Amino acid sequence: MLTAVRRGKRFTVAVSDRISKLRILAASMSSSSGATAVNYEPDTVRRGVDIRQQSILLPGPERIRVSAYVNESRYRSGQFYSDATTVYEAFKRGQRVSNDGPFLGARTGPNGRYEWMSFSEVDERCRLFGSGLIAMGEKPGGSTCIGIFSQNRPEWTISDLTCVQYSMVSVPLYNSLGWESCKYIVNKTNMSTLVVDNTEKASTIVDHADAMPTLRRVVVMDLPSEGAEDLHRRYAAAGLELHSFQDVIQHGVQNVADQVLPTPDDLNTICFTSGTTGQPKGVPLRHRHHIANHDAVFSTHEDSELFDHQDIHFSLLPIAHVYERGNIYNIMINGTQVGYFGGDMLKLLDDAQELKPTIFTGVPRLFNRLYDKIKGSVDSGSAIKRALFYHAYNQKLKDLENGTLSNDTIWDRIVFKKVQDLLGGRIRYLFSGGAPISGEVITFIRCLFGCYFVQAYGQTETTSCITHTLPSDPTSGHLGPPSGGTELKLVDVPELDYFASENKGEICMRAQNVFEGYLDNPEQTAETLDEDGWIHTGDIGEWTEIGTIRVIDRKKHIFKLAHGVYIAPEKVENVYVRNQLVMQVFVYGDSTKASMVGIVVPDPDVIPGFAEKLGVKGSLTELCQDERVKSAILTSMNEQGSSEGLLGFEQVKDICLHAEPFSEENGLLTPSLKNKRPDITKAFAAEIEDMYSNLE
């Protein structure tokens, strides 16, 4: 049994009726890409579900698996709470169960204190903001799209819930899209109102006004009452309205409009994926999709693992992405509080220490940095400090192996309290999404913080959740079983030698939180969603021996970096290869890393003259080993990338120069002269490892 207490110091998670010892083999402490091997002693059961087999194989040739909770009385398909069928009803339920408690908080108070709005105060602001928009010419209903382009803050959620109250459709924008994509989205959705957080965005928007003919008004959350005269003049000259957030609310005070509440089938949002090539794809999601997503997550949680109004969620990941939006919707239904970080990553820990959250959701890059910071501090300390820390850690690790997850031991008080205080000292849940994370990091953080650590896997097209690890499952190296109400199967990918009969193949998912198709894009819809309702994720998965899924490859040459953005390496390579210095290039990204590296074969006809201008002479092999030549080529490549529209995260941060061209003969090119990605990766494994080591 893995023990933990609902609140206070010791957490208690009932896994069986009597204590059961659980041993984690070394393999589950290794990288998430390794095999998951777990050895359990008997009776490792949580509410009737054996953690040793977390999914059920259904009869039939498709080899479909579902959660082992399928026979549980609380397991449903599509609705966890009978009184919440829309996002609005989820909000009202949260208001009721919290007794109208605090809901949204930001550091706007004296001395940087968090100030809070109650559910009813948020409700009223949404009503007035929506009324103001209607008074300015917007119409309630699903034909109206309201854009939101802002960092996380209360006004983001208020703008979103305003759309919910009046059955409008929220359309998030975000920086990594780039302005060309943002303009495309505004026009694609016939957007007439765009809500932004600052005058810098408002200034850029008016510069592009001619390219967005549907846009009528921009609402700025932080529009100063004085000093914005020039911006007002520019907007007037462009024929656009410029309003402050408070101005719209004041219009609403004078023109209160009746709510137009949504039904489960009404559109809630259109989330545009950044895509890999071409324009972003619009993913329309209905209210019932979000409600089904809530069920998918929480129908496999124990009662003690659910959130309530005493919990505080630290909103850090961009709400523009469906994962964090789903997080807010999912916890809102239980009256949980949401505190926003201040927007400055350098002050992230300061925000957390002021807020003292119980729920913290991040990405692997953040947890890796936390792990590195703690380990680095310990390892650079005195011998006594190191010995005490690792002795305490080993004691906590033994507790974890014996089924106890706690933060009230003597080791917590004398060794780990400062670490726990980094995130405010009250964490009971850590969530990670967006990319795989090392099992070593997970186990380390579980021991130090004495809290649940849950990994989630999903896509925008699935309203976020496909699988997630069970809170009380202390193993790692996998992404959990199918979520509640979800069917999962693997499909053969013979060209990559993956076969469902061997428990490997493309991950396909069918559930009520799966979207119905891309906005006005039947061709790409047909590529992703088949006629039987299965979404083809493009990820290659493998079933573990305990009925959980691991992602081991990608069907197409697309990968995700540690901060969650997708990269199409061939797109990047096609830009770089146009550089006169580059004959061939291979771009590589590791999903546990935040950046990409590359293997470059320089043009043998150009490089000697280029190197000579740098004061370097020698054979091509010698030039490839010269740091001055490498640095100059990398600079030139990134300049080329910037000039052709590559965003910062699409640029390689280091390269290795290689004199011998890729060819069919050396096994690095296909007959069609395309890079053989697995073979190049294997051939240059040492160089790739060295580059990442240097970057770290």
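Residues numbered from 1 in each chain as written. Predicted model: local features only at pLDDT ≥ 70, side-chain atom pairs only at ≥ 80, totals over all residues. Heavy atoms only, no water.

A.B. asks: Please set out the overall build of the protein residue by residue, giving values where relevant.
C.D. replies: In terms of regular secondary structure, the protein is built from 21 helices and 30 strands. Relative to the globule expectation of 26 Å for 696 residues, the C-alpha radius of gyration of the protein, 26 Å, shows essentially globular dimensions. Dimensions of the protein, computed from the C-alpha atoms along their principal axes, are close to 80 × 75 × 60 Å. Taken over 696 residues, the protein has a buried fraction of 56%. Residue pairs at least 24 apart in sequence account for 68% of intrachain contacts in the protein once pairs closer than 6 positions are excluded. Roughly 28100 Å² of accessible area belongs to the protein as shown, and the carbon and sulfur atoms make up 49% of that amount. (Helix = DSSP H or I, 4+ residues; strand = E, 2+ residues; numbered from the N terminus. Rg over C-alpha atoms; globule rule 2.2 N^0.38 Å. Buried < 20%, exposed > 50% of the residue type's maximum accessible area, 1.4 Å probe, protein only. Contact = heavy atoms within 4.5 Å. Areas by Shrake-Rupley, 256 points an atom, 1.4 Å probe, with all protein chains shown as cover.)

A.B. asks: Describe the side chain of Q455, with residues and values.
C.D. replies: Checked against the element boundaries, Q455 lands in strand β20 (residues 452-457). Polar side-chain contacts of Q455 include one of 3.2 Å to the backbone oxygen of H478. Other than its neighbours up to four places away in sequence, Q455 contacts S432, P436, I437, I442, T467, H468, T469, H478 and L479. (Polar contact = N/O pair within 3.5 Å; in protein donor to acceptor, adjacent residues only side chain to side chain.)

A.B. asks: Tell me what's going on with the pattern of salt bridges, and back it up with residues and numbers.
C.D. replies: Evaluated as defined, the whole model comprises 30 salt bridges. For the salt bridge of R96 with D83, the shortest nitrogen-to-oxygen distance reads 2.4 Å. Note that R96 is positioned in helix α1 (residues 87-97) and D83 in the loop between β6 (65-67) and α1, a separation of 13 residues in sequence. Notably, a salt bridge pairs R107 with D350, separated by 2.9 Å at the nearest N-O pair. Here D350 lies in helix α10 (residues 348-355) and R107 lies in the loop between β7 (102-106) and β8 (115-118), a separation of 243 residues in the sequence. Owing to a relative accessible area of 39%, D350 belongs among the partly exposed residues under this scheme. Where salt bridges share partners, they join D265, R286, R288 and E516 into one cluster. (Salt bridge = Lys/Arg side-chain N within 4 Å of Asp/Glu carboxyl O.)

A.B. asks: Before we move on, can you summarise the sheet that holds strand β17 (residues 337-340) with the specific residues and values?
C.D. replies: Across the sheet, eight strands lie side by side as β8-β7-β17-β16-β18-β19-β20-β21; this open sheet has mixed pairing. Each end of this open sheet is capped by a strand with a single partner; those strands are β8 and β21 (467-468). For strand β16 (residues 312-315) and β17, the ladder comprises four bridges, and the chain directions are parallel. In the strand pairing of β17, S315 is matched with Y340. Taken strand by strand, helix α3 (residues 154-165) contacts β7, β8 and β17, and its axis lies near 135 degrees from that of β7. (Pairing = 2+ DSSP bridges. Axes fitted to C-alpha atoms, helices over the stretch in contact; angles between N-to-C directions.)

A.B. asks: For the packing of aromatic side chains, give the residues involved together with the corresponding values.
C.D. replies: For the structure shown, the criterion picks out 23 aromatic pairs. Centroid distance F103 to F119: 4.3 Å. Interplanar angle 15 degrees. Geometry classified as stacked. Taken as a pair, F103 in strand β7 and F119 in helix α2 (residues 119-135) lie far apart in primary sequence, 16 residues in all. A ring pair is formed by F515 and Y518, whose centres lie 4.9 Å apart and whose planes are at 65 degrees; its orientation type is edge-to-face. For the pair formed by F515 and Y518, the shared burial category is buried. Put simply, the rings of Y371, F389, Y390, Y393, F416 and F444 touch in pairs and so form one group of aromatic residues. Just above the ring of Y81 sits the side chain of R93; from NZ or CZ to the centre is 3.7 Å. Sitting over the ring of Y692, K593 keeps its end group 5.7 Å from the ring centre. (Phe/Tyr/Trp six-rings, centres within 6.5 Å; stacked < 30°, edge-to-face > 60°. Lys NZ or Arg CZ within 6 Å of the ring centre and 35° of its normal.)

A.B. asks: Go over the sheet that holds strand β29 (residues 596-602), please, and point to the residues and values.
C.D. replies: If you trace the three strands from one edge of the open sheet to the other, you get β28-β29-β30, paired in mixed fashion. Edge strands, defined here as strands with exactly one partner in the open sheet, are β28 (582-589) and β30 (652-657). In this sheet, adjacent strand axes meet at a mean angle of 25 degrees when their direction is disregarded. Note that β28 and β29 share seven bridges and pair antiparallel.

A.B. asks: Tell me about the pairing of β16, and please be specific about residues and values.
C.D. replies: Residues of β16 alternate between two faces, with I312 and F314 on one and H313 and S315 on the opposite face, all of them buried. The parallel pair β16 and β17, bridged by helix α9 (residues 322-332), forms a crossover whose chirality is right-handed. (Right-handed = clockwise from strand over helix to strand, strands pointing away.)

A.B. asks: Help me get a handle on a nonpolar patch on the surface, residues and values and all.
C.D. replies: On the surface, L388, I410 and I414 cluster together into a nonpolar patch covering about 270 Å² of accessible area. You can see I410 is positioned in helix α13 (residues 410-421). The class of I410 is partly exposed, set by a relative accessible area of 45%. (Patch = residues over 30% accessible without salt bridge, like charges linked within 9 Å, V, L, I, M, F, W, Y side chains within 5 Å.)

A.B. asks: With reference to specific residues and values, describe the environment of L400.
C.D. replies: Topologically, L400 is positioned in helix α12 (residues 383-401). Separated by 45 residues in sequence, L400 and L355 place their C-alpha atoms 28 Å apart.

A.B. asks: So, unusual backbone geometry: which residues are in play, and what are the values?
C.D. replies: One non-glycine residue, N99, adopts positive backbone phi at about 55 degrees. Among the structural elements, N99 can be located in the loop between α1 and β7. At K356, a residue that is not glycine, the phi angle is positive and equals roughly 55 degrees. Looking at where K356 falls in the secondary structure, it is placed in the loop between α10 and β18 (359-362).

A.B. asks: Can you lay out the packing of α12 against α13 for me, pointing to particular residues and giving the numbers?
C.D. replies: Direction vectors running N to C along α12 and α13 enclose 140 degrees, while the axes themselves pass 10 Å from each other. The pairing of α12 with α13 is recorded here as oblique in orientation. Crossing of α12 over α13 shows left-handed handedness. Across the interface between the two elements, L388, F389, H391, A392, Y393, Q395 and K396 from α12 touch W411, D412, V415 and F416 from α13. Tallied by class, residues from the contact of α12 with α13 come to seven nonpolar, two polar and two charged. (Parallel < 35°, antiparallel > 145°, perpendicular 65-115°, else oblique. Left-handed = near helix turned anticlockwise from the far one by under 90°. Nonpolar A, V, L, I, M, F, W, Y, C, P; charged D, E, K, R; others polar.)

A.B. asks: I'd like a rundown of the state of the cysteines, residues and numbers included.
C.D. replies: Throughout the structure, instances matching the rule amount to zero disulfides. In this model C126 remains outside any disulfide bridge; the closest cysteine sulfur is found in C163, 9.3 Å from its own. Free cysteine: C447, not disulfide-bonded; nearest cysteine sulfur from C451 at 10 Å. With a relative accessible area of 3%, C447 lands in the buried category. (Disulfide = S-S within 2.5 Å.)

A.B. asks: So what about the environment of T443? Which residues, and what values?
C.D. replies: For T443, the location among the structural elements is in helix α14 (residues 439-449). According to the relative accessible area criterion, T443 is buried, its value standing at 1%. In sequence terms T443 and S315 are 128 residues apart; their C-alpha atoms lie 24 Å from each other.

A.B. asks: Residues and numbers for the environment of A568, please.
C.D. replies: In this structure, A568 sits in the loop between β27 (566-567) and α16 (569-576). The class for A568 is buried, based on a relative accessible area of 11%. Placed 80 residues apart in sequence, A568 and G648 show a C-alpha to C-alpha distance of 14 Å.

A.B. asks: How would you sum up the side chain of Q651? Please name residues and give values.
C.D. replies: For Q651, the position within the fold is in the loop between α19 (627-643) and β30. Side-chain polar atoms of Q651 contact the backbone oxygen of N638, separated by 2.8 Å. Engagement of the side chain of Q651 in a polar contact is seen with the side chain of S642, the distance being 3.2 Å. Discounting chain neighbours no more than four positions away, the residues touching Q651 are Y576, M596, M637, N638, G641, S642 and L646.

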